[in-house]
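Chain and residue survey
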Amino acid sequence: MSRSSSQASHSRRLAMGCLAMILLAVPVACRPGSLAPSGQAKEAKPAPRPSDGARKTVVATPRTAPATLPRFVDVARESGIDFTYFNDEAAGNWLIVEVMGGGAAWLDVDLDGWLDLYLTEGCRLEKSAVGDGEHRDRLYRGRGTAGFRDVSAVAGIGDDHYGQGVAVGDYDADGFPDLYLANFGPAVLLHNNGDGTFTDVTAAAGIEFAKWGTSAAFADLDHDGQLDLYACTFLDNRLGNNKACDYSQGRGYCGPGSYVGEQDQVWVSRGDGTFVERSADLGFTETNGRGKGLAVSIVDLDDDLLPEVYVGNDMTPNYLYTRRSAEGAPARYEELATSAGCAVSDDGENEASMGIVTEDFDGDGRPDIFLAHFYQAKNTLYQNLGQLLFADVSRKTRIAATSLHNLGFGTVGLDWDRDGRMEMFVATGHVLGPSVQPYQMQPQLLWQAANGTFVDVSDDVGSAYFGGKWLGRAAAGADYDNDGDLDLAVSHNISPVALLRDDTAAPGRFLGLDLRTPSRIPPIGGRIEVHCDGRKTIRPIASGGSYLSSPDPRILVTLPPGSSPADVTIHWPSGRVDRFSLEGDGYYRVLEGESPERMAAPP
């Protein structure tokens, strides 16, 4: 059906119906004032969900300021990280992957106590199926305050496919973190040899997948004590079916509505270093190309110590999978996002869902779901009501008001001012191409006021990075310098990777936890509770999140000022509960069932 491409008005609902993630070009009928192209059919719209109120407009309120001003400084180049993603954006290709960016992952490759940074790289698109021999992923070895060193060559990092997301997990339980690389083309599994090098074991592990992979996450999905992998798959968009779309400002990239979605992959470990694809057997089944996965978070959302799998789809309903099989029976999942209220927006619209954070934003002890969306379409905050029910509270928390001028990708939850309330960073940048403005965008840092509303404090950061505009993509949080606050690695198109060191002069203390199990399977699905001087913090133990990224595997909790110890309770997925009293301003390694060990500062 035809669409108007005029830009006479810019109502919120108009932009939400139009495009998403990578477009204003989805096959959703656009209202006047959109940038959508003409000549596309309308996608079916899901039934409306209950809203957080009758309000459909965002009313401005007086700006509240935080007591502590944020300070994040880009120290990538001075720290030894100098890398710009090669997206092979060529005239006439119009492949959506050209605007999607590369991934970032934090891991301690050699277990020296300092986090290392892995970055995926693109390649020449005509060689994406075999690799181009020119452009390879990068591994930067962390040396704390001494910076980073590019060790890609000596570490055996040689993947030269068109890189997208990256997941970290010790799939063979040998104590060293391994890497799964999601590519626009063949996926790759890298085994950590324990000596600082990696070996490509993709074929030996039985992983055969050559479609467009995006975000991925490791977890024990069939509950057999082995580490499995959920891998999002995006679109069937390739050289041969690629096309451009015409917008009011010029020609640009089409959106996901122009292409068919692909089935996500679930690689289940056999326990011998090999995997088998079992998405259908476990109930992760998509129909009619509906799934267009860009982000995944594996986290317990209903306090039963069994993780759910939440998938952010681009302009199709999101997925919420929960285990429904009886005790002792083979694992089987049911998809219930629509009935749970977290499939679409409060007014029944599909959204772009490019980045995910699952954290307790309202302080009630349950993980909520934050999603980054398209330009002139709100970001979404789903409040967890318990029992796998959610409400879209984006308007009353002012998440909607802070997001209409941005297009968000990678997103990280963090308490940057140490006040006990979770805030977030969002990497931003448009996707339609340089002919359609706005293109590069200011990154976004949010602050949460005491009344639960969010304020955009990006202009208060006072650094060159936040004063600039970028095509932000992946965002991965980590305390890379072990100083007790969360720093950020951010990938971009056409600009170098940024390493945003948190230099905020925030009061208070921190507590870091490195959680281990005797089986070496990470305790995904568990949670921690921390009580200190009247402040209660509950954090989920999750896998995945953000966009194309893997974060610091440790959990970082902020504590109030003072000297009181923190009372820590760990709910392990096994059902065991451990309780400790720990001093602040330090990291602890906690093995299930044993006393915590305070970690000495690495050399």
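What counts and how
- Residues numbered from 1 in each chain as written.
- Predicted model: local features only at pLDDT ≥ 70, side-chain atom pairs only at ≥ 80, totals over all residues.
- Heavy atoms only, no water.
- Disulfide = S-S within 2.5 Å.
- Buried < 20%, exposed > 50% of the residue type's maximum accessible area, 1.4 Å probe, protein only.
- Helix = DSSP H or I, 4+ residues; strand = E, 2+ residues; numbered from the N terminus.
- Polar contact = N/O pair within 3.5 Å; in protein donor to acceptor, adjacent residues only side chain to side chain.
- Contact = heavy atoms within 4.5 Å.
- 1 Å grid on protein atoms, 1.4 Å probe; cavity = no way out; pocket = protein on both sides within 12 Å on 5 of 7 lines; lining within 4 Å.
- Points joined across faces, edges and corners; volume = space filled by probe spheres on them.
- Nonpolar A, V, L, I, M, F, W, Y, C, P; charged D, E, K, R; others polar.
- Domains from an automatic or database assignment.
- Pairing = 2+ DSSP bridges.
- Axes fitted to C-alpha atoms, helices over the stretch in contact; angles between N-to-C directions.

Turning our attention to the state of the cysteines. Summed over all chains, the structure comprises 1 disulfide. Between the sulfur of Cys245 and that of Cys254 lies a disulfide, 2.0 Å long from S to S. When the S-S torsion is 100°, as for the bridge of Cys245 with Cys254, the disulfide is right-handed. The buried category is assigned to Cys245, whose relative accessible area is 6%.

Right, let's talk about the side chain of Thr233 for a bit. When you line up the elements, Thr233 lands in strand β11 (residues 228-233). At 3.1 Å, the side chain of Thr233 forms a polar contact with the backbone oxygen of Gln263. The residues touching Thr233, leaving out its near neighbours within four places in the chain, are Phe209, Lys211, Trp212, Thr214, Glu262, Gln263, Asp264, Gln265, Gly291, Lys292 and Gly293.

Bringing the layout of surface pockets into the picture now. The volume enclosed by the second largest pocket comes to roughly 370 Å³. Considered class by class, the residues forming the lining of the second largest pocket number 10 nonpolar, 5 polar and 4 charged. Each of domain 1 (72-510) and domain 2 (511-598) contributes no fewer than three residues to the lining of the second largest pocket.

Strand order in the open sheet formed by 4 strands is β1-β30-β29-β28, with antiparallel pairing between adjacent strands. Lying at the two open borders of the sheet, with one neighbouring strand each, are β1 (72-74) and β28 (472-478). Between one strand axis and the next, the sheet turns by 25° as a mean value, whatever way the strands run. Strand direction decides the pairing type here: β1 and strand β30 (residues 498-502), joined by 3 bridges, are antiparallel. Bridge pairing in β30 places Phe72 opposite Asp502.

Looking down a regular strand, the side chains alternate between one sheet face and the other. In terms of burial, strand β36 (residues 555-559) is largely enclosed, as 5 of its 5 residues are buried. Residue alternation in β36 divides its side chains into two sets, Ile555, Val557 and Leu559 and Leu556 and Thr558, and both sets are buried. Pairing geometry for strand β31 (residues 509-516) and β36, over 5 bridges, is antiparallel. Along β36, the bridge assignment pairs Leu513 with Ile555.

Now for the side chain of Ser79. Position of Ser79 relative to the elements: it lies in the loop between β1 and β2 (104-107). Side-chain polar atoms of Ser79 contact the backbone oxygen of Val75, separated by 2.7 Å.

For strand β8 (residues 188-192), the tally of buried residues reaches 5 of 5 residues, placing the bulk of the element in the interior. By the alternation rule, side chains of β8 split into Val188, Leu190 and Asn192 and Leu189 and His191, which are all buried. Relative to β8, strand β7 (residues 178-183) runs antiparallel, the two sharing 3 bridges. Following the sheet pairing, Tyr180 is matched in β8 by Leu189. Taking the residues that link successive antiparallel strands as the turn, the β7-β8 hairpin has 4 residues, and the phi of Gly185 there is positive, at about 135°. Inspection of the sheet shows β8 paired to strand β9 (residues 198-200) by 3 bridges, in the antiparallel sense. By the bridge assignment, His191 is partnered in β9 with Thr199. Joining the antiparallel neighbours β8 and β9 is a turn of 5 residues, in which Gly194 adopts a positive phi near 85°.

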